[in-house]
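Observations on the model geometry
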Amino acid sequence: METYSFEDFVGDRDVFLAEHFNKKPLLRKGALTGRLDGLPSVRQLDDVLALETTPPSYLRVTKGGKGVPSGAYTRTVARGAALAEAVSPEKVYELFRSGSTVTWNALHHVLPSARRLLRPFTETFACEGEVVLFVTPARNDGFSPHHDSIDVYVVQVDGTKTWRVWATPEVRRGDEGSYTAEELGEPVIEVTLAPGDVLYVPHGTPHAAAAKSELSLHLSVGIEPRRWRDLLKDTVAAVVEDEAFHAFPYLADGDDAAGAAGLSRQIELLRDRLARLEPVSEAKRLAGVGRERNGSDRGREFARLHSVDGLTADSLVRRSAAPVEIGDSDGTKTGIRVGGHRLAVPDAVARSLRELDGGRPVATSEFFPGVDAARSLSAARGLARIGVLEAAVLEEAPAVLEASAVEEKRK
């Protein structure tokens, strides 16, 4: 199964970040030529369209640059005693045949292949992202000139599409907006994208696209990197989780002397705690938090738990990505905290966890030094079940999983 790196889309990372990111568009002809098999396709769109359990809000149909009311492509279905709205494939096909563009939002919620496409971007920017699929009939415009409030990375998958991209304004609005071609003037890029071509459009940059002589399908990866205000909110939120900020104040009004004095002390305490933060460690933590939020690379937890049952004395285990707090020893046992749970483990086990922090694997029979292999295996299995450890090799079958995911949605 094809995997992608961020550089596959943008070329040299340093050059992209210095010259294009948040500054101006980038066109990379042939960036993924011959490497599209792992991406969502026209064939998969038919499968996705048949998923009756998917809310119609994921689908959008436009014609002539204007939205088509959802009632034109949905139907009411009975699910037990309840009624629900479902997409009607026949109605969508008819609208498409008459010249409408079909847009599938948040495709990564449905297809593992879309999650694989999104992963390099969310890993790079440590933030949430979205994969949107656009399919346009031959010789039709998709959307009139407009700009988006997020950065967009376009990948042409099937057919061709002509794009016009205008210069990125020096001052950009935070919301979305539309234009007429007359008020924009000459575009800085006018190109027909073929399968494998990639186009980067910074937020706030006007652009428009139209299909040529054949059906066109392209994917847009939308990314909105977290701003400093977002990162600092996360930092402060983590700091004030400390018990020192747990008390309930009484602030009757702004003139209350006791309340003001208490607030002053808390502000001073917060200032002190923030000053003690180590920037490199906090930056790594913030990156981890951002990647956990994106939803594009959620681990296969059932598969992981199944692998725990198959661990033997010869199996290799390693620390998982789950954050673990290892406390002090009481002389025989050490307290650890993971996923909101607290437990005490033998000091030798705590030492092993510390030694494995760098990702080094260890045989389960050697994980708990000083005891026999069976007891060591039992300790490793117990910690693996709560997510502290994981098998060092976890076989995956993405193609099979993707097929089964679509099949399960149909049932």
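Description of the structure in this document. (Residues numbered from 1 in each chain as written. Predicted model: local features only at pLDDT ≥ 70, side-chain atom pairs only at ≥ 80, totals over all residues. Heavy atoms only, no water.)

**So, the pattern of salt bridges**
Across all of its chains, the model carries 15 salt bridges by this definition. With a closest N to O distance of 3.1 Å, R97 and E94 form a salt bridge. Of this pair, R97 and E94 both sit in helix α4 (residues 89-97), three residues apart, which is roughly one turn of the helix. The class for R97 is exposed, based on a relative accessible area of 59%. E94 gets classed as partly exposed once you look at its relative accessible area, which sits at 45%. Between R271 and E268 there is a salt bridge, with its nearest N and O atoms 2.4 Å apart. Residue R271 and its partner E268 are both found in helix α8 (residues 257-276); the two are separated by three residues, about one turn of the helix. On the basis of relative accessibility, which here comes to 49%, the residue R271 falls in the partly exposed class. (Salt bridge = Lys/Arg side-chain N within 4 Å of Asp/Glu carboxyl O. Helix = DSSP H or I, 4+ residues; strand = E, 2+ residues; numbered from the N terminus. Buried < 20%, exposed > 50% of the residue type's maximum accessible area, 1.4 Å probe, protein only.)

**Concerning the nonpolar core**
Ranked by size, the top nonpolar core spans 47 residues in total, and within it F9, W104, L107, Y153 and L219 carry the most contacts. If you tally residues by element for this core, the top one is helix α5 (residues 112-125), at five residues. In terms of nonpolar packing, the next biggest core, distinct from the first, is built from 22 residues, V317, A350, L377 and V388 among them. (Core = buried A, V, L, I, M, F, W, Y, C linked by side-chain atoms within 4.5 Å.)

**Some points on a nonpolar patch on the surface**
Residues V236, V240, L274 and L277 make up a contiguous nonpolar surface patch of roughly 240 Å² in combined accessible area. Following the sequence through the fold, L277 ends up in the loop between α8 and α9 (279-293). (Patch = residues over 30% accessible without salt bridge, like charges linked within 9 Å, V, L, I, M, F, W, Y side chains within 5 Å. Areas by Shrake-Rupley, 256 points an atom, 1.4 Å probe, with all protein chains shown as cover.)

**What to know about the environment of R351**
Looking at where R351 falls in the secondary structure, it is placed in helix α11 (residues 347-355). The spatial distance from the C-alpha of R351 to the C-alpha of T54 is 47 Å, given a sequence separation of 297 residues.

**Focus: the sheet that holds strand β21 (residues 389-391)**
Strand order in the open sheet formed by three strands is β20-β16-β21, and the pairing between neighbours is antiparallel. In this open sheet, the two strands that pair with only one neighbour each are β20 (362-363) and β21. Across two bridges, the pairing between strand β16 (residues 316-319) and β20 is antiparallel. Its bridge partner being in β20, V317 is matched across the sheet by V362. (Pairing = 2+ DSSP bridges.)

**Here's the deal with the packing of aromatic side chains**
Taken as a whole and judged by the stated rule, the model has twelve aromatic pairs. Here the aromatic rings of F6 and F16 are separated by 5.7 Å at their centres, their planes lie at 75 degrees, and the arrangement is edge-to-face. Note that F6 is positioned in helix α1 (residues 6-10) and F16 in helix α2 (residues 13-19), a separation of ten residues in sequence. With a centroid separation of 4.8 Å and an interplanar angle of 35 degrees, the aromatic rings of Y153 and Y200 are classed as tilted. Here Y153 is found in strand β9 (residues 151-158), whereas its partner Y200 is found in strand β13 (residues 198-201), with 47 residues between them in sequence. Grouping residues by exposure puts Y153 and Y200 together as buried. Aromatic ring contacts, followed pair by pair, group Y4, F6, F9, F16, F21, F121, F125, Y153 and Y200 into a single cluster. (Phe/Tyr/Trp six-rings, centres within 6.5 Å; stacked < 30°, edge-to-face > 60°.)

**Concerning the pairing of β16**
Note: β16 against β21, three bridges, orientation antiparallel. Each bridged residue has a counterpart across the sheet, and for R319 the counterpart in β21 is L389.

**Thoughts on the packing of helix α7 (residues 228-239) against α8**
In the contact formed by α7 and α8, the axes pass within 10 Å of each other and the chain directions differ by 110 degrees. As summarised for this structure, α7 and α8 are arranged roughly perpendicular, according to the angle between their axes. Judged by residue contacts, T235, V236 and V239 of α7 engage L270, R273 and L274 from α8. The class makeup of the residues in the contact of α7 with α8 is four nonpolar, one polar and one charged. (Axes fitted to C-alpha atoms, helices over the stretch in contact; angles between N-to-C directions. Parallel < 35°, antiparallel > 145°, perpendicular 65-115°, else oblique. Contact = heavy atoms within 4.5 Å. Nonpolar A, V, L, I, M, F, W, Y, C, P; charged D, E, K, R; others polar.)

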